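Now for the letters of each chain:
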Amino acid sequence: MGKKELAALFSSNPDRYYKVSLFDKMGFMRKKCNRCEKFFWTLDIARDFCPDHENYGFIGKPPTNKRLDYVNAWKETEKFFRANDHKIVRRYPVVCRWREDLYFTIASIVDFQRVIGNQVVFELPANPLVVPQMCLRFNDIENVGLSGRHYTGFCMIGQTCNADAPGGYWKDKCIDLDFGMLTKGLGIKAEDITFVEDVWMGAGAFGYSLEYFVRGLELGNAVFTEFEGNENDYRVMPNKIIDMGAGLERFSWITMGTPTSYDCCFGPVVGKLVDMTGTDTDQELLTKYFESVSLKLDNKTGGSSSSIRDLKLLIAKEMNFSEEQLSAFVAPFEAIYTISDHIRTLVFAISDGALPSNVGGGYNLRVILRRALSILERLGWKNIIRVEDIAELHIDYLRQMYPELEDHRQDVKTILQLEASRYSSSRERMNSVAMSLKSSKKAKELTVDDLIRLYESDGITPDFLMEQGIVQNVPSTFYTKLAELHTSQVSSQSSKPIPGLEDLPPTKLLYYQDGSIHHFHAKVLKVVEGKYIVLDQTAFYPRGGGQEPDTGEIEGVKVVEVTKQADVVVHKIEGGGGRIPAEEQTVHGTVNGRRRDLITKHHTATHVLNSASRNALGSWVWQNSAFKEETYGRLDITHHSTLTREEVKKIERMANWVIRENHPVIIKTYDRGDAEQQFSFRIYQGGIVPTSNVRIVNINGWDIEACGGTHVKSTGEIGLVKIVKSERIQDGVVRLEFVAGEAAVSYMQQLDSQLASIAQALGSSREKVVESFDKAVQDAEATKKKLRAMLRVVSVPIAKSISEQAKKLDSGIHLYTTYDEELDDDYHIAIGEKAIELDKHLVYLALVSKGQGIRVIVFAGEAACKKVKASAIAKQVSGKLGGSGGGDNRFGQGGGKSKDRIREALLLAEEVAR
Ligand SMILES: [Zn+2]
Ligand SMILES: [Zn+2]
């Protein structure tokens with residue numbers, strides 16, 4: 001049974017599913033759409049089709065006396081629901097840190113969904129609640145700014161409750177409230193409201209829903225999630241969920257009746273941009289145009305949505321405009337709307353810790369930013385408007401509703417400036433690619449795949465190609481296809497499970513009880529294949545969270561690997577021979593305490609460094625991944641650029657300061673919802689925690705993370721942390737390698753002894769080693785200089801003797817060949833050059849031994865190169881040596897690796913010369 005059948009099933013019993021008390025109270029009639037056969041509820045006797053087929057009847061004539069801009073539309077909503085006993089919850093981050101399958105928060109209900117095992121569970125911080133959730137979606141980019149209603153970032157008002165928990169309610173009250181919100185809150189008349197019957201299917205749960213429309217505009221959808229399971233096998237959920245989502249952009253739009261929703265949802269931004277760019281406004285014309293667009297675009301029942309470009313042709317005709325005239329009028333508005341949307345999305349994403357990049361979710365952010373920049377360029381606005389200024393305008397307006405944006409104003413500006421300057425420096429390369437495209441005439445045949453390749457390899461957006469006049473329009477599928485290429489790929493690296501452990505009870509974890517337990521007694525519950533042992537309790541830490549496992553012994557048999565399978569810890573043993581413990585036996589286990597201690601210090605140091613990095617660099621720094629070993633640790637952080645030496649030092653200084661302050665490390669288990677509320681989603685540095693309780697490692701407020709690893713009791717125990725290397729390992733990710741505790745001391749000692757031996761070799765002391773080194777470098781330079789001068793003096797007599805030694809071939813060529821293991825290419829280049837100057841018939845070939853290979857150097861004199869080119873000899877000889885070569889008539893070079901073919905190579909040269 002698919003969605004359609006399910007809809008039919010629900011609609012076949014409207015009294016059970018769709019009829020709410022409001023419909024009876026108010027006299028709503030149920031009707032069947034005469035065009036698409038959907039059922040809907042209305043007060044209008046004459047209406048015989050559903051709102052899907054309806055023109056937007058509110059543009060220029062809003063159905064209410066209230067005029068609510070974006071922020072005021074929210075204030076009105078907030079007021080209404082607060083008065084009706086709803087808790088107003090602050091928005092969740094747009095970067096979805098709590099779901100592995102999503103980069104971004106795409107709907108308000110996502111806030112409250114957690115995945116445990118294979119199941120999606122709902123966790124509500126209050127009941128009932130309303131949240132103004134910013135949501136990001138990148139599947140419709142090409143319509144954004146053009147359609148009047150599409151966004152990459154929008155606010156979904158989420159009215160959510162658990163119907164079966166205290167405070168909860170079900171569909172009657174839900175629709176009463178929504179109706180009240182529309183009529184009392186927004187001032188819309190009851191006759192203007194239509195409810196349409198629909199179904200909603202999610203992961204593991206589904207239900208029926210009532211979408212509500214006013215004058216052709218869908219304002220919200222109340223989903224009654226009543227069933228769990230799938231369409232063929234389901235039951236009523238014990239905790240039914242109301243998930244009403246409404247677009248704040250639409251709430252505002254319906255009351256304002258502006259040509260597009262963009263005109264009323266970006267506060268003063270659109271108006272300011274219109275002023276700054278000197279764009280001509282003609283409200284009447286704009287209204288007429290966008291009314292037509294809204295009517296014709298994406299006619300749902302028509303099936304396929306026609307592209308905006310085709311639409312424009314149609315509308316131009318209707319308005320008695322040429323296509324060019326219409327474009328000239330509309331294009332600046334489309335540009336302003338698009339840029340406003342894109343920058344607003346970036347404001348939220350960057351504030352919530354995301355970075356534009358070439359990977360993961362950052363990809364979409366870079367796409368929209370580059371799109372905005374290239375539009376500014378195309379319209380000649382790049383010197384009038386800076387993207388960071390638009391961001392400031394958004395923050396100025398939105399902080400009334402989202403005060404947290406103010407805290408990230410500087411971060412947002414920093415990142416936007418950086419990305420904009422990267423974009424402009426890459427434009428030079430883009431220009432040259434564009435030039436060659438223009439001249440190649442291939443431009444006409446560019447397919448969507450070609451365009452994607454151009455974006456991927458050279459960062460060239462279709463908007464840029466439009467600006468260059470290379471393509472006429474952006475194919476409607478471009479951004480969709482691009483997004484598909486970069487959608488989340490959830491990797492599962494689970495190794496093959498060990499069989500027979502399913503029914504075992506969870507292992508008691510002694511390492512959590514007390515990290516200092518290194519000796520313990522336990523009962524053997526299971527032995528698999530003579531090498532995997534499961535105990536009832538263990539002090540062995542299993543591999544996990546980037547922390548390497550403990551090693552040690554069980555009854556004298558070596559433990560080489562420890563893993564966790566579900567709740568069961570598995571010890572892999574090696575070399576047990578006949579001494580493998582038996583099931584039911586009580587055994588004694590010993591953990592290698594020194595190893596554990598070193599790993600533990602590296603682990604706590606990771607947490608310290610992570611927060612030090614964020615404090616030193618910016619709030620976009622998150623742990624990307626981490627690894628903790630006995631001898632070193634590795635922390636990958638999200639950051640936009642390679643670290644400077646100063647930045648590394650700053651992080652190091654800060655981390656060591658936290659260590660010296662000797663902060664207590666407090667470990668406590670919390671209910672997950674409480675932890676998220678109390679400490680924010682920053683706790684998910686190491687990824688999502690798939691359980692209802694989380695273990696929080698709190699370094700006295702300096703760093704707070706959900707983490708299952710082992711930690712020191714206070715930071716002083718780490719002793720010292722030293723970053724040994726920092727490296728940008730991918731776009732947007734920087735790797736820090738570091739040593740802590742004893743490993744740091746060993747590292748320092750090693751550096752020290754290296755320094756000592758360098759000093760000794762220089763005949764200097766450690767204190768003066770830098771001076772001595774500089775002097776040694778100068779000496780070496782001077783020696784080289786002297787050698788070159790000497791070479792000039794001796795090159796003439798040597799060249800003469802070479803000419804004499806050369807074989808005089810019948811071809812008239814004088815051939816000199818040599819294989820040299822002592823002198824380098826500098827020497828042979830100097831001599832060869834001089835020799836062909838003196839003897840115009842000479843061919844000079846030197847094979848110079850260089851490490852594992854051979855360098856080939858060939859000179860041919862003026863007369864000789866008329867018969868054989870230096871490049872040809874270099875090529876053939878190098879080929880013989882298993883390499884390649886080339887050059888010009890006079891000079892050729894190359895090389896190869898086959899030292900065993902030197903003789904053959906020299907003979908070949910002679911053959912060629914003959
Ligand atoms: Zn219909
Ligand atoms: Zn950790």
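Look up a bit, the structure's there.
Residues numbered from 1 in each chain as written. Chains lettered and ligands numbered in written order. Predicted model: local features only at pLDDT ≥ 70, side-chain atom pairs only at ≥ 80, totals over all residues. Heavy atoms only, no water.

Concerning the overall build of the chain
Here's step 1: Scanning the chain for helices and strands turns up 27 helices and 32 strands.
Here's step 2: When its C-alpha atoms are laid out on the principal axes, the chain stretches across 115 × 90 × 50 Å.
Here's step 3: In the chain, which comprises 914 residues, the proportion classed as buried is 53%.
Here's step 4: Roughly 41000 Å² of accessible area belongs to the chain as shown, and the carbon and sulfur atoms make up 49% of that amount.
Here's step 5: Here the chain contributes 116 positively and 122 negatively charged side chains, and the mean placements of these two sets differ by 4 Å. (Helix = DSSP H or I, 4+ residues; strand = E, 2+ residues; numbered from the N terminus. Buried < 20%, exposed > 50% of the residue type's maximum accessible area, 1.4 Å probe, protein only. Areas by Shrake-Rupley, 256 points an atom, 1.4 Å probe, with all protein chains shown as cover. Lys, Arg positive; Asp, Glu negative; His and termini not counted. Charge placed at Lys NZ, Arg CZ, Asp CG, Glu CD.)

A short note on the sheet that holds strand S21 (residues 633-638)
Here's step 1: Strand order across the open sheet formed by four strands is S20-S21-S26-S25, with antiparallel pairing between neighbours. Looking along the sheet, the strands with just one partner apiece sit at the ends: strand S20 (623-628) and strand S25 (721-730). Adjacent strand axes in the sheet meet at a mean angle of 15°, parallel and antiparallel pairs treated alike.
Here's step 2: Summarising the sheet, S21 and strand S26 (residues 733-740) pair through six bridges and their orientation is antiparallel. Bridge pairing in S26 links Ile637 to Val734.
Here's step 3: Packed onto the sheet, helix H23 (residues 742-761) meets S25 and S26 and runs at close to 90° relative to S26. (Pairing = 2+ DSSP bridges. Axes fitted to C-alpha atoms, helices over the stretch in contact; angles between N-to-C directions. Contact = heavy atoms within 4.5 Å.)

Description of a nonpolar patch on the surface
Here's step 1: On the surface, a cluster of nonpolar side chains totalling about 320 Å² of accessible area is made up of Ile758, Leu762, Phe773 and Val777.
Here's step 2: Mapping Phe773 onto the fold places it in helix H24 (residues 769-805).
Here's step 3: Using a relative accessible area of 46% as the deciding quantity, one classes Phe773 as partly exposed. (Patch = residues over 30% accessible without salt bridge, like charges linked within 9 Å, V, L, I, M, F, W, Y side chains within 5 Å. Salt bridge = Lys/Arg side-chain N within 4 Å of Asp/Glu carboxyl O.)

What to know about the coordination of the zinc ion (ligand 2)
Here's step 1: The protein atoms that coordinate the zinc ion (ligand 2) are His603 (NE2), His607 (NE2) and Cys707 (SG), at distances spanning 2.1 to 2.3 Å.
Here's step 2: All donors of the zinc ion (ligand 2) come from a single chain, and their spacing in sequence reads H-x3-H-x99-C. Here Cys707 lies in the loop between strand S24 (703-706) and S25 and His603 lies in helix H20 (residues 593-617), a separation of 104 residues in the sequence. Residue His603 shares its accessibility class with Cys707, and that shared class is buried. (Donors = N, O, S within 2.8 Å, 3.2 Å for Na, K, Ca; no water.)

Some thoughts on the coordination of the zinc ion (ligand 1)
Here's step 1: Around the zinc ion (ligand 1), the protein contributes the donor atoms Cys33 (SG), Cys36 (SG), Cys50 (SG) and His53 (NE2), at 2.0 to 2.3 Å from the metal centre.
Here's step 2: Here the donor residues of the zinc ion (ligand 1) are spaced in sequence according to C-x2-C-x13-C-x2-H.
Here's step 3: Cys50 gets classed as buried once you look at its relative accessible area, which sits at 1%.

Concerning the side chain of Arg99
Here's step 1: Tracing the backbone through its elements, the reader meets Arg99 in the loop between strand S3 (87-88) and strand S4 (113-116).
Here's step 2: Polar side-chain contacts of Arg99 include one of 2.9 Å to the side chain of Asp101.
Here's step 3: Side-chain polar atoms of Arg99 contact the side chain of Gln113, separated by 2.6 Å.
Here's step 4: In contact with Arg99, not counting residues within four places along its chain, are Val110, Gln113, Val115 and Ile688. (Polar contact = N/O pair within 3.5 Å; in protein donor to acceptor, adjacent residues only side chain to side chain.)

What to know about helix H8 (residues 269-277)
Here's step 1: Within H8, the full set of buried residues consists of Val269, Val270, Leu273, Val274 and Thr277. Seen end-on, H8 carries its buried residues on one side only, within an arc spanning 135°.
Here's step 2: Each element contacted by the buried residues of H8 is listed here: helix H7 (262-265), helix H11 (323-351) and helix H13 (387-398).
Here's step 3: The positive-phi residue at the C-terminal boundary of H8 is Gly278, with phi of around 65°. (Arc of directions from axis to C-beta.)

Looking at helix H22 (residues 672-679)
Working note: α-helix, 3.6 residues per turn, so residues spaced by three or four point in the same direction.
Here's step 1: Every buried residue of H22 is accounted for by Arg672, Ala675, Glu676 and Phe679. Around the axis of H22, the buried residues are gathered within 100° of arc, so they sit on the same side.
Here's step 2: For H22, the elements touching its buried residues are S4, strand S22 (665-671), strand S23 (693-699) and S24.
Here's step 3: At the N-terminal boundary of H22, the capping side chain belongs to Asp671, with an oxygen 3.2 Å from the backbone nitrogen of Gly673.
Here's step 4: One or two residues past the end of H22 sits Ser680, with phi positive at roughly 70°.

Concerning the pattern of salt bridges
Pairing of side chains with opposite charge becomes possible as their charged atoms draw close.
Here's step 1: According to the stated counting rule, one finds 54 salt bridges in the structure shown.
Here's step 2: Between Asp396 and Arg409 there is a salt bridge, with its nearest N and O atoms 2.7 Å apart. Highlighted residues: Asp396 in helix H13 and Arg409 in helix H15 (residues 409-440), separated in sequence by 13 residues.
Here's step 3: Taking relative accessible area as the criterion, Asp396 reaches 35% and is therefore assigned partly exposed.
Here's step 4: When the shortest N-O distance is used, the salt bridge between Arg594 and Glu742 registers 2.7 Å. Separated by 148 residues along the polypeptide, Arg594 in helix H20 and Glu742 in helix H23 bring together distant segments of the chain.

Thoughts on the pairing of strand S19 (residues 586-591)
Here's step 1: Alternating positions in S19 separate cleanly, Val587, Gly589 and Val591 being buried on one face and Thr586, His588 and Thr590 remaining unburied on the opposite face.
Here's step 2: Bridging between strand S13 (residues 519-528) and S19 involves five bridges; their strand directions are antiparallel. Pairing of Lys523 across the sheet is with Thr586, part of S19.
Here's step 3: The pairing of strand S16 (residues 552-554) with S19 spans three bridges and is antiparallel. Its bridge partner being in S19, Ile554 is matched across the sheet by Gly589.

Some remarks on a positive patch on the surface
Here's step 1: Taken together, Lys784, Lys785, Arg788 and Arg792 make up a surface patch of like positive charges.
Here's step 2: Classification of Arg792 by relative accessible area gives exposed; the value is 60%.

A closer look at the sheet that holds strand S30 (residues 853-860)
Here's step 1: The sheet built from six strands is open, its strands ordered S27-S28-S29-S30-S32-S31 with mixed pairing. Looking at strand neighbours, the two that pair on one side only are strand S27 (807-808) and strand S31 (884-887), the edges of this open sheet.
Here's step 2: The pairing of S30 with strand S32 (residues 891-896) spans six bridges and is classified as antiparallel. Bridged to Arg855 within S32 is Gly895.

By themselves, these observations are geometric and do not establish any function.
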